[in-house]
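# Breakdown of the fold
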Amino acid sequence: MRQKFFVLGITALIITFIIYFYFNTGLFFIILITILLIIGLANSMQHKHTILRNFPVLGYFRYLFEMIAPEIQQYFIERSTDGKPFSRNQRTLAYQRAKNIDSTTPFGTQLNLNQSSYEGIKHSIFPATVNEELPRVLVGGSDCTQPYSASLLNISAMSFGSLSENAIMALNKGALKGKFYHNTGEGGLTEFHQQGGDITWQIGTGYFGCRDDRGGFDGGRFAEKANLPEVKMIEIKLSQGAKPGHGGVLPAAKNTEQIAKIRGVQPHTTILSPPSHSAFSDAKGLVEFIAKLRLLSNGKPIGFKLCIGETSEFEMICQEMITQNCFPDFITVDGAEGGTGAAPLEFADGVGMPFEPSLIFVNKTLVRFGIRDKIRVICSGKIISGYSILKAVALGADMCNSARGFMFSLGCIQALRCNNNTCPTGVATQDKMLIKGLVVTDKSERVFYFHKNTLHAANELLAAAGKKSFVDVDINIFMRGDEFAHLSDLYFPDNLKSVTKH
């Protein structure tokens, strides 16, 4: 192809020269072809890109199509039930509820219900009355002197750095209006989080906002922020679903001077949080650290977040709680399918236990150790609808956190550019021009309505199942498609010879 390019290019140049010589026209094409030949020559001589070396100039189209491939997939190829990690239908539902517009769907379901993977709710022939009051859950054990009444649905951990300042402010203002909490993520508690909304301050392995000069935990700096009135709970991050055992990642492109100052690191460098905490290294140390933070925060709810891996380690933590007679006020369970702005593919695709078995395991383990009543369980994993909330509660959760659901309410289009600072909607970028496109006053309203309408949908499903309270919800209100096969066997036996004719 390289040879054909130059043969055809030089031939076209000669022809345009002849035309220009005899007819005094075509100068533009002479200049254009000359420029393309020069670019093609440079492409064929460079050693970095094989495609450009073998296909001069034409190779750029490959990079162009690669760059816009997500948009082509999303707008022209993807069906309503396709799309990963969230389908078009799921994203549309979030947008509609955030805009407070009609979120009904016409003409019936687009899903194939008659298959073993189907899951649904066993509705009651005599539904309960829909509760218009949005559900809340009290968090705080016997050692907690400042318990907190939390919403059933809250904003999951997303740091300033991963998200833009406008996104963070819109989330917190929405949380203020809707009376639910906003988890800071491990990037620290910043001025952008302090817009009046309730805060769960997450303490990660980098101890951003409460670190000493060597990067370790600083109790004095922690106490200063932990006792702010807007900080309602403190969460120790052990691991997160998208990259358990790895530690947080903030790409250099998003590490601005402002963010570096907040976190106490060098700007324009990739920030890699340590995989593990330096303040403790085992179950005993973790439980002691919980007691320390509770003391420093003057009795506020303290908990930890983790993605389940080696199950025996969680059992050891439970045993240590009993030994020290010290229990966290909550445990946040993240699934391996959890989201993040930046994760190595091997970790995102192949490390950790998925959300559903994790939640079931944690709930049953706490019950088995006799400590379930002492601890609230919060789930964090693809919570985007009333149905997903009800299912999480049925599997053992007391409350739910959602990150990507609230990102959709901010206008996220699932462009999958969170890690390269080019998010087109201004949500997951530090590009000032792109950030300006996200209007805080407008998006904070959408955050509020997404929360309100999603919880209202959960209340409607609860009533449809004949239940009056989320406390009454268990897995028995759900059915699976493989139950239909058994039902079919009862009425349409495989062995037709056994059917007696009458």
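So, a few notes on the structure that sits alongside this text.

Criteria and cut-off values
- Within every chain, residues take consecutive numbers counted from 1 along the sequence as written.
- Where local features are concerned, this predicted model is filtered to residues with pLDDT of at least 70; where side-chain atom pairs are given and counted, the filter is 80 or more; whole-chain, interface and lining totals use all residues.
- Hydrogens and waters are ignored; side-chain quantities use all the structure's heavy atoms.
- By definition, any uninterrupted DSSP run of H or I lasting at least four residues is a helix, any uninterrupted run of E lasting at least two residues is a strand, and each is numbered from the N terminus.
- Each residue gets one of three labels from its accessible area relative to the maximum for its type: buried under 20%, exposed over 50%, partly exposed in between, using a 1.4 Å probe on protein chains only.
- Aromatic contacts are taken between Phe, Tyr and Trp rings whose centres are within 6.5 Å, Trp giving its six-membered ring; a plane angle under 30 degrees counts as stacked, one over 60 as edge-to-face, and the others as tilted.
- Distance and angle both matter: a charge sits over a ring if NZ of Lys or CZ of Arg is within 6 Å of the ring centre and within 35 degrees of the ring normal.
- Every patch collects residues that have over 30% relative accessible area and no salt bridge, joining them within 9 Å if they carry like charges and within 5 Å if they are nonpolar side chains (Val, Leu, Ile, Met, Phe, Trp, Tyr).
- For every accessible area listed, the method is Shrake-Rupley and the probe measures 1.4 Å; residues are considered covered only by the protein chains on display.
- The term salt bridge refers to a pairing of a side-chain nitrogen on Lys or Arg with a carboxyl oxygen on Asp or Glu at a separation within 4 Å.
- By the convention used here, strands pair only if DSSP detects at least 2 bridges between them.
- With the strands pointing away from the viewer, any crossover whose connection runs clockwise from the first strand over the helix to the second is right-handed.
- A positive count includes Lys and Arg, and a negative count includes Asp and Glu. His and the chain ends are not counted in either.
- The term polar contact refers here to a pair of N or O atoms within 3.5 Å; inside protein, the definition further demands a hydrogen-donor-capable atom paired with an acceptor-capable atom, and it admits residues adjacent in sequence only when both atoms are side-chain atoms.
- Only heavy atoms enter the contact rule, under which two residues are in contact if any of them lie within 4.5 Å.
- Residues belong to a common nonpolar core when they are buried Ala, Val, Leu, Ile, Met, Phe, Trp, Tyr or Cys residues joined through side-chain atoms within 4.5 Å.
- Expected helix span is computed as 1.5 Å times (number of residues minus one).
- The convention used is that axes are lines fitted to C-alpha atoms, helices contributing only their stretch in contact, and that angles between N-to-C directions extend from 0 to 180 degrees.
- Angular relationships are summarised with four words: roughly parallel below 35 degrees, roughly antiparallel beyond 145, roughly perpendicular across 65 to 115, and oblique for the angles in between.
- Whether a crossing is left-handed or right-handed is set by the direction in which the near helix is turned from the far one by less than a right angle, anticlockwise for left-handed and clockwise for right-handed.
- Residue classes follow a fixed rule: Ala, Val, Leu, Ile, Met, Phe, Trp, Tyr, Cys and Pro count as nonpolar, while Asp, Glu, Lys and Arg count as charged, and any other residue, Gly among them, counts as polar.

Attention shifts here to the overall build of the protein. A tally of regular secondary structure across the protein gives 18 helices and 14 strands. C-alpha atoms of the protein, sized along the principal axes, occupy 95 × 85 × 45 Å. In the protein, which comprises 502 residues, the share counted as buried stands at 48%.

For the structure shown, the criterion picks out 16 aromatic pairs. Aromatic pair Phe217 and Phe222: ring centres 5.6 Å apart, planes at 50°, arrangement tilted. Accessibility assignment for this pair places Phe217 and Phe222 in one class, buried. Here Phe280 and Phe289 contribute two aromatic rings whose centre-to-centre distance is 5.3 Å and whose plane-to-plane angle is 45°, an arrangement assigned as tilted. Among the aromatic residues, those joined into a ring-pair cluster are Trp201, Tyr207, Phe217, Phe222, Phe280 and Phe289. For Lys177, the ring lying beneath its charged end belongs to Phe448, and the centroid distance is 4.7 Å. Lying across the ring of Phe327, Lys374 places its NZ or CZ 5.2 Å from the centre.

On the surface, a cluster of nonpolar side chains totalling about 910 Å² of accessible area is made up of Tyr20, Leu27, Phe28, Phe29, Ile31, Leu32, Ile35, Leu36, Ile39 and Tyr60. Ranked by the residues each element gives to the nonpolar patch, the list is headed by helix α2 (residues 27-45), at eight residues. Here Tyr60 is to be found in helix α4 (residues 59-67).

Right, let's talk about the pairing of strand β6 (residues 198-203) for a bit. For β6, a buried count of six out of six residues is recorded, marking the element as mostly surrounded by other parts of the structure. Neither face of β6 is left uncovered, since the one carrying Asp198, Thr200 and Gln202 and the one carrying Ile199, Trp201 and Ile203 both have all their residues buried. Here three bridges tie strand β5 (residues 181-183) to β6, and the two strands are oriented parallel to one another. By the bridge assignment for β6, Asn183 is matched with Thr200. Bridge count for β6 against strand β7 (residues 231-237) is five bridges, and the pairing is parallel. Directly across from Thr200, in β7, lies its bridge partner Met233. Once you follow β6 into helix α8 (residues 219-226) and on to β7, the crossover reads as right-handed.

We now examine the side chain of Lys300. In this structure, Lys300 sits in the loop between α10 (283-296) and β10 (302-307). It turns out Lys300 is buried and unbridged, and the closest side chain with the opposite charge, Glu230, is 7.3 Å from it. Here Val231 takes part through its backbone oxygen, which lies 2.6 Å from a polar atom of the side chain of Lys300. When sequence neighbours within four positions are dropped, the list of residues in contact with Lys300 reads Cys144, Gln146, Ala226, Asn227, Leu228, Val231, Lys232, Ile234, Arg294 and Asp329.

With that out of the way, let us pick up the nonpolar core. Within the largest apolar cluster, 102 residues are counted, with the highest numbers of intra-cluster contacts made by Phe304 and Phe314. Not counting residues up to four positions away in its chain, the partners in contact with Phe314 are Phe304, Leu306, Ile308, Ile331, Phe361, Val362, Thr365 and Leu366. Counting seven residues, the second largest nonpolar core, distinct from the first, contains Phe5, Phe6, Ile30 and Leu37.

Our next topic: unusual backbone geometry. Positive phi values are uncommon outside glycine, yet His268 reaches one of about 60°. Considering the arrangement of structural elements, one finds His268 in the loop between α9 (257-263) and β9 (271-272). According to the relative accessible area criterion, His268 is exposed, its value standing at 51%. Not every positive phi belongs to a glycine, and Leu416 is a case in point at roughly 60°.

A word on the environment of Phe478. Looking at where Phe478 falls in the secondary structure, it is placed in strand β14 (residues 478-480). For Phe478 and Lys122, which are 356 residues apart along the polypeptide, the C-alpha to C-alpha distance reads 5.6 Å. Beyond its immediate chain neighbours, meaning those up to four positions away, Phe478 contacts Gly120, Ile121, Lys122, Tyr387, Leu390, Lys391, Ala394 and Glu483.

What follows is about helix α13 (residues 355-368). Over its 14 residues, α13 extends 20 Å from the first C-alpha to the last, a length consistent with the 20 Å expected when each residue adds 1.5 Å. Phe355, Ser358, Leu359, Phe361, Val362, Asn363, Thr365 and Leu366 are the residues of α13 that are buried. On its buried side, α13 packs onto α11 (311-324), β11 (330-334), β12 (376-380) and α14 (386-395). Where α13 ends, the next residue or the one after it, Gly370, has phi of about 75°, a positive value.

Moving on, we get to the pattern of salt bridges. Taken as a whole and assessed by the stated rule, the structure comprises 15 salt bridges. The residue Glu186 makes a salt bridge to Lys237 at a minimum N-O spacing of 2.7 Å. You can see Glu186 sitting in the loop between β5 and β6 and its partner Lys237 sitting in strand β7, a full 51 residues away along the chain. Since its relative accessible area comes to 8%, Glu186 is described here as buried. Residue Lys237 is classed as buried on the basis of its relative accessible area, which comes to 7%. Put simply, Asp329 and Arg294 hold a salt bridge, and the shortest N to O gap is 3.0 Å. In this pair, Asp329 is assigned in the loop between α11 and β11 and Arg294 in helix α10, connecting sequence segments 35 residues apart.

Each pair of packed helices gets described by two things: the angle between the helix axes and the distance between those axes. Where α10 contacts α11, the two axes come as close as 9 Å, and the packing angle between them is 55°. Considering the angle they form, α10 stands oblique to α11. For the element pair α10 and α11, the recorded crossing hand is right-handed. The segment α10 lies against α11, with Ala283, Lys284, Leu286, Val287 and Glu288 engaging Met316, Ile317, Glu320, Met321 and Gln324. In terms of residue class, the contact of α10 with α11 is made up of six nonpolar, one polar and three charged.

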